[in-house]
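Listed below are the residues making up each chain.
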Amino acid sequence: MIKTNLNTCYKTANYFNKMFFEIPRKHINFILVDIPEWGNFCEGHDGDVWIEMGKTYPNYNLFKNVLVHELVHMYQWLYPDPVDKEDHGPSFFKWNKHLTEHGVVLEETY
Ligand SMILES: [Zn+2]
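Residues numbered from 1 in each chain as written. Predicted model: local features only at pLDDT ≥ 70, side-chain atom pairs only at ≥ 80, totals over all residues.

Draft legend 1. Highlighting the sheet that holds strand β2 (residues 30-33). Here we have three strands laid out as an open sheet, ordered β2-β4-β3, and mixed in their pairing. Two strands bound the open sheet, and with one partner strand each, they are β2 and β3 (39-43). Across the sheet, the mean angle separating the axes of adjacent strands is 25° when strand polarity is ignored. Direction of pairing for β2 relative to strand β4 (residues 49-54): parallel, over a ladder of four bridges. (Pairing = 2+ DSSP bridges. Helix = DSSP H or I, 4+ residues; strand = E, 2+ residues; numbered from the N terminus. Axes fitted to C-alpha atoms, helices over the stretch in contact; angles between N-to-C directions.)

Draft legend 2. The arrangement of the packing of helix α1 (residues 6-21) against helix α2 (residues 60-78) in detail. Running from N to C, α1 and α2 cross one another at 55°; their axes reach a closest spacing of 10 Å. In this view, α1 runs oblique relative to α2, as classed from their interaxial angle. Read as a crossing pair, α1 and α2 show a hand that is right-handed. Judged by residue contacts, C9, T12, A13, F16, N17 and F21 of α1 engage K64, L67, V68, L71 and Y75 from α2. Residues that form the contact of α1 with α2 fall into these classes: eight nonpolar, two polar and one charged. (Parallel < 35°, antiparallel > 145°, perpendicular 65-115°, else oblique. Left-handed = near helix turned anticlockwise from the far one by under 90°. Contact = placed C-beta atoms within 7 Å. Nonpolar A, V, L, I, M, F, W, Y, C, P; charged D, E, K, R; others polar.)

Draft legend 3. Geometry of unusual backbone geometry. Although it is not a glycine, E22 adopts a positive phi angle of roughly 55°. As for its position among the elements, E22 is in the loop between α1 and β2.

Draft legend 4. The arrangement of α2 in detail. If you check α2, its first and last C-alpha atoms are 27 Å apart, about what 19 residues at 1.5 Å a residue would give, namely 27 Å. Those residues of α2 lying buried are F63, N65, V66, L67, V68, H69, E70, L71, V72, M74, Y75 and Q76. (Expected span 1.5 Å × (residues − 1). Buried ≥ 20, exposed ≤ 12 C-beta atoms within 10 Å, placed from the backbone.)

Draft legend 5. A look at the environment of H102. Tracing the backbone shows H102 in the segment after α4 (96-100). The spatial distance from the C-alpha of H102 to the C-alpha of H88 is 20 Å, given a sequence separation of 14 residues.

Draft legend 6. Just the pairing of β4, in detail. Bridge count for β3 against β4 is five bridges, and the pairing is antiparallel. When the sheet's bridge partners are listed, G39 is paired in β4 with M53. Between β3 and the antiparallel strand that follows it, β4, lie five residues; G47 among them carries a positive phi value of about 90°.

Shown next as structure tokens:
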């Protein structure tokens, strides 16, 4: 079991964001919450976005996989695919090819 903190969230996000997504930093916001679903990409009424992450995970790999999963949703929000409107469709899983080379596995649910 690992405990998360915001610093670890931002560090991990910045690492993968630089390598893959290049989402403008102003969008990358985290809050830590008690959630059973492990992670959420959230959009506010005023166009703000943020990622909710859990306070604990069974291991670092799961934390990393969930965090990158939510970054992909942030990318989809920022750059909507003109054809694929599904959350976990081709525009989601196209990232797996590159991410698996860096130890991240995308899944629909964890
Ligand atoms: Zn998802």
